[in-house]
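# An overview of the molecular structure
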Amino acid sequence: MPDIKIENLSFSYPSFGELIFDNVNLNINTDWKLGFVGRNGRGKTTFLNLLMGKYEYSGKIKSPVAFDYFPLLYFR
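Quick summary incoming for the structure in this document. (Residues numbered from 1 in each chain as written. Predicted model: local features only at pLDDT ≥ 70, side-chain atom pairs only at ≥ 80, totals over all residues. Heavy atoms only, no water.)

If you look at the biggest cluster of nonpolar residues, it comprises 10 residues: Ile-4, Ile-6, Leu-9, Phe-11, Phe-21, Ile-28, Phe-47, Leu-50, Leu-51 and Ile-61. Elements supplying a minimum of two residues to this core: strand E1 (3-11), strand E2 (21-29) and helix H1 (44-51). Not counting residues within four places of it along the chain, the set of residues in contact with Leu-51 comprises Ile-6, Ile-61 and Phe-67. (Core = buried A, V, L, I, M, F, W, Y, C linked by side-chain atoms within 4.5 Å. Buried < 20%, exposed > 50% of the residue type's maximum accessible area, 1.4 Å probe, protein only. Helix = DSSP H or I, 4+ residues; strand = E, 2+ residues; numbered from the N terminus. Contact = heavy atoms within 4.5 Å.)

Okay, here's the thing in structure tokens:
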């Protein structure tokens, strides 16, 4: 199966001058099951939103698959 290819991805929020992602290059095999884990505020959701085309960025994202977001819901 084809790869998800990310080439020279750069992104910053308009209200935040610093780059969140700077010249990122990745190849991800679509046969993999992949999860992003990390501390709050490190760019995981931003990265997913970039993959889903919700934000403007520079660089290229080529994907043969669609992306979905399943937020963790807390029940009390």
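Its place among the elements puts Asn-8 in strand E1. Note on Asn-8: relative accessible area 42%, which makes it partly exposed. Spatially, the C-alpha atoms of Asn-8 and Asn-29 are 18 Å apart, while their sequence positions differ by 21 residues. Residues in contact with Asn-8, not counting those within four places in the same chain, are Asn-23, Val-24, Asn-25, Ser-58 and Gly-59.

What follows deals with unusual backbone geometry. Phi is positive for Asn-8, which is not a glycine, with a value near 55 degrees. If you check the backbone angles, Asn-23 has positive phi at about 55 degrees while not being a glycine. Tracing the backbone shows Asn-23 in strand E2. Overall, Asn-23 belongs to the partly exposed group, its relative accessible area being 43%.

Within the secondary structure layout, Asn-49 lies in helix H1. Relative accessible area serves as the criterion here: at 11%, Asn-49 is assigned to the buried category. Beyond its immediate chain neighbours, meaning those up to four positions away, Asn-49 contacts Lys-54 and Tyr-55.

Turning to the packing of aromatic side chains, a few remarks are in order. Applying the stated rule across the entire model yields five aromatic pairs. Ring centres 5.4 Å apart and planes at 15 degrees place the aromatic pair Phe-11 and Tyr-55 in the stacked group. One end of the pair, Phe-11, is in strand E1; the other, Tyr-55, is in the loop between H1 and strand E3 (58-62), and 44 residues separate them in sequence. According to the relative accessible area criterion, Phe-11 is buried, its value standing at 4%. For Tyr-55, a relative accessible area of 28% corresponds to the partly exposed category. Ring geometry for Tyr-13 and Tyr-55: centres 5.6 Å apart, planes at 75 degrees, overall edge-to-face. You can see Tyr-13 sitting in the loop between E1 and E2 and its partner Tyr-55 sitting in the loop between H1 and E3, a full 42 residues away along the chain. (Phe/Tyr/Trp six-rings, centres within 6.5 Å; stacked < 30°, edge-to-face > 60°.)

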